[in-house]
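Residue strings, one per chain:
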Amino acid sequence: MFDWYDSATWPTAFSNAAVTAAFLVSPPDIDCAPPVNKFIDFAIERGVKRFVLLGASLLPVEDGPMMSQISKYLLTLNVEYAILRPTWFMGMFSGYLFYKSLQLFSITDTS
């Protein structure tokens, strides 16, 4: 089992064939950057060259708290990276209008 706060568990992420990319979902901690940044270094040592960070649209890419510090760290490295900031994405699927659109187009509708 992988645990951000126990580096002894990190090798399990590399137990299969060569891993060259990693998707980073940080732990739910206000100070999540230290363990994630250490894991990034660990992953680079094992051949990872591309990272995708799940961030948050409410946080600036640099000079902010939490995932912003991870983003800032990725910018300093010689790796490929992408920073996704989809905070409001699920709002499109959980709101009243989406629910009503499902009711309008029922599978039993024959018209």
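Residues numbered from 1 in each chain as written. Predicted model: local features only at pLDDT ≥ 70, side-chain atom pairs only at ≥ 80, totals over all residues. Heavy atoms only, no water.

Participant: So what's going on with helix α2 (residues 67–75)? Residues and values would help.
Facilitator: Turning to α2, its buried residues number three or more, namely Met67, Ser68, Ile70, Ser71 and Leu74. Looking down the long axis of α2, one finds its buried residues gathered within 160 degrees of arc, a one-sided arrangement. On the buried face of α2, the contacting elements are α1 (33–45), β2 (50–54) and β3 (80–84). (Buried < 20%, exposed > 50% of the residue type's maximum accessible area, 1.4 Å probe, protein only. Helix = DSSP H or I, 4+ residues; strand = E, 2+ residues; numbered from the N terminus. Arc of directions from axis to C-beta. Contact = heavy atoms within 4.5 Å.)

Participant: Give a description of the side chain of serine 26 that names residues and reports values.
Facilitator: Here serine 26 is to be found in the loop between β1 (21–24) and α1. The contact partners of serine 26, leaving out residues within four places of it in the chain, are Trp4, Cys32, Val36, Met67 and Ile70.

Participant: Tell me about the confidence of the model for the protein chain, and please be specific about residues and values.
Facilitator: With 68% of its residues at a pLDDT of at least 70, the protein chain reaches an overall mean of 78. The secondary-structure element of the protein chain with the lowest mean pLDDT is helix α3 (residues 91–94), recorded at 53, while α1 shows the highest, at 95. (pLDDT = per-residue confidence, 0-100.)

Participant: I'd love a proper account of the nonpolar core, names of residues and values included.
Facilitator: Judged by nonpolar contacts, the single largest core of 19 residues is most densely connected at Leu24, Phe39, Ile40, Phe51 and Ile70. Those elements giving two or more residues to this core turn out to be β1, α1, β2 and α2. (Core = buried A, V, L, I, M, F, W, Y, C linked by side-chain atoms within 4.5 Å.)

Participant: Any chance you could break down the sheet that holds β3 for me, citing the residues and the numbers?
Facilitator: If you trace the three strands from one edge of the open sheet to the other, you get β1-β2-β3, paired in parallel fashion. Looking along the sheet, the strands with just one partner apiece sit at the ends: β1 and β3. Each neighbouring strand pair of the sheet contributes to a mean axis angle of 10 degrees, computed without reference to strand direction. Pairing analysis gives five bridges linking β2 to β3, with the strands arranged parallel. Bridge pairing in β3 links leucine 54 to leucine 84. (Pairing = 2+ DSSP bridges. Axes fitted to C-alpha atoms, helices over the stretch in contact; angles between N-to-C directions.)

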